[in-house]
Amino acid sequence: MAATGGFVETDNAEAIITRIEHKSRKIESLLKQSKPVEALKTALEGSPPMTRDERCKSANWIVVHRAIMAIKDVDGLLSSLDPEYYDILMKYLYRGLSTGDRPTCDQCLRIHEKLTEKAGLGCILRSLADTVNAV
């Protein structure tokens, strides 16, 4: 893959979309098996896609959003989620809040509160300050 500054060039966007579609099928399978935490972990793996292509970012957001909305036990999620995912989850929570969609905002706020308790304020600062890895 040709890359510039760590980002995949637009002509490889189709390959990224294909990987996101594969990830989406895996997440749907996990959700059907009542494994929402594993689904969210899978959604966060490799996120955000290393591209500036908005189609890729939007496609990945749809996958992550589906997994976020399936979470019922936030404490259970955070106790089993590897801390390396905290910052990227926070970025997606802010993306969810920016939609203005009431159910999405309610769910994102529930997770945000618990994530902030667990990960601290630094998680918020890192996710807001990181303009390179936009979701």
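Residues numbered from 1 in each chain as written. Predicted model: local features only at pLDDT ≥ 70, side-chain atom pairs only at ≥ 80, totals over all residues. Heavy atoms only, no water.

Draft legend 1. Region of interest: helix α3 (residues 54-70). With 17 residues, α3 extends 24 Å from end C-alpha to end C-alpha; this agrees with the ideal 24 Å at 1.5 Å per step. For α3, the full list of buried residues reads Cys56, Lys57, Asn60, Trp61, Val63, Val64, Ala67, Ile68 and Ala70. On its buried face, α3 is in contact with α1 (13-32), α2 (36-44), α5 (86-98) and α6 (102-119). The opening residue of α3, the one whose side-chain oxygen lies 2.8 Å from the backbone nitrogen of Arg55, is Asp53. (Helix = DSSP H or I, 4+ residues; strand = E, 2+ residues; numbered from the N terminus. Expected span 1.5 Å × (residues − 1). Buried < 20%, exposed > 50% of the residue type's maximum accessible area, 1.4 Å probe, protein only. Contact = heavy atoms within 4.5 Å. Polar contact = N/O pair within 3.5 Å; in protein donor to acceptor, adjacent residues only side chain to side chain.)

Draft legend 2. Main features of the side chain of Ser47. Position of Ser47 among the secondary structure elements: in the loop between α2 and α3. Taking the relative accessible area as the measure of exposure, Ser47 reaches 14% and is therefore buried. Looking at Ser47, its side chain comes within polar contact range of the side chain of Lys23, at 3.3 Å. Within the local environment of Ser47, its side chain forms a polar contact with the side chain of Asn60, the two groups lying 2.8 Å apart. Leave out the neighbours within four places in its chain, and Ser47 touches Lys23, Asn60, Val64, Ile88 and Tyr92.

Draft legend 3. Just the packing of aromatic side chains, in detail. Counted under the stated rule, the structure contains 1 aromatic pair. Ring geometry for Trp61 versus Tyr92: centroids 6.2 Å apart, planes at 5°, classification stacked. Of the two residues, Trp61 is situated in helix α3 and Tyr92 in helix α5; the sequence distance between them amounts to 31 residues. (Phe/Tyr/Trp six-rings, centres within 6.5 Å; stacked < 30°, edge-to-face > 60°.)

Draft legend 4. A look at the packing of α1 against α2. Two numbers describe how α1 lies on α2: the axes approach to 8 Å, and their chain directions differ by 170°. The pairing of α1 with α2 is recorded here as roughly antiparallel in orientation. On α2, the residues touching Lys23, Lys26, Ile27, Leu30 and Leu31 of α1 are Pro36, Glu38, Ala39, Thr42 and Ala43. A breakdown of the residues in the contact of α1 with α2 according to their chemical character gives 6 nonpolar, 1 polar and 3 charged. (Axes fitted to C-alpha atoms, helices over the stretch in contact; angles between N-to-C directions. Parallel < 35°, antiparallel > 145°, perpendicular 65-115°, else oblique. Nonpolar A, V, L, I, M, F, W, Y, C, P; charged D, E, K, R; others polar.)

Draft legend 5. A look at the pattern of salt bridges. In total, this model carries 6 salt bridges according to the counting rule given. Through salt bridges that share partners, Glu14, Asp53 and Arg55 make up one connected network. (Salt bridge = Lys/Arg side-chain N within 4 Å of Asp/Glu carboxyl O.)

Draft legend 6. A look at unusual backbone geometry. Between Ser47 and Pro48 the backbone carries a cis peptide bond, its omega angle lying at -10°. You can see Pro48 is positioned in the loop between α2 and α3. With phi around 55°, Ser34 is a residue other than glycine that occupies positive phi space. Take Ser34: it is sitting in the loop between α1 and α2.

Draft legend 7. The confidence of the model for the protein chain, seen in detail. Here the protein chain shows a mean pLDDT of 90. Residues at 70 or above account for 92%. At the level of individual helices and strands, the protein chain shows its lowest average pLDDT in strand β1 (residues 3-4), which scores 42, and its highest in α6, which scores 98. Counting contacts from residues 1-6, a segment whose pLDDT is below 50, to residues more than four positions away or on other chains yields 12 contacts. (pLDDT = per-residue confidence, 0-100.)

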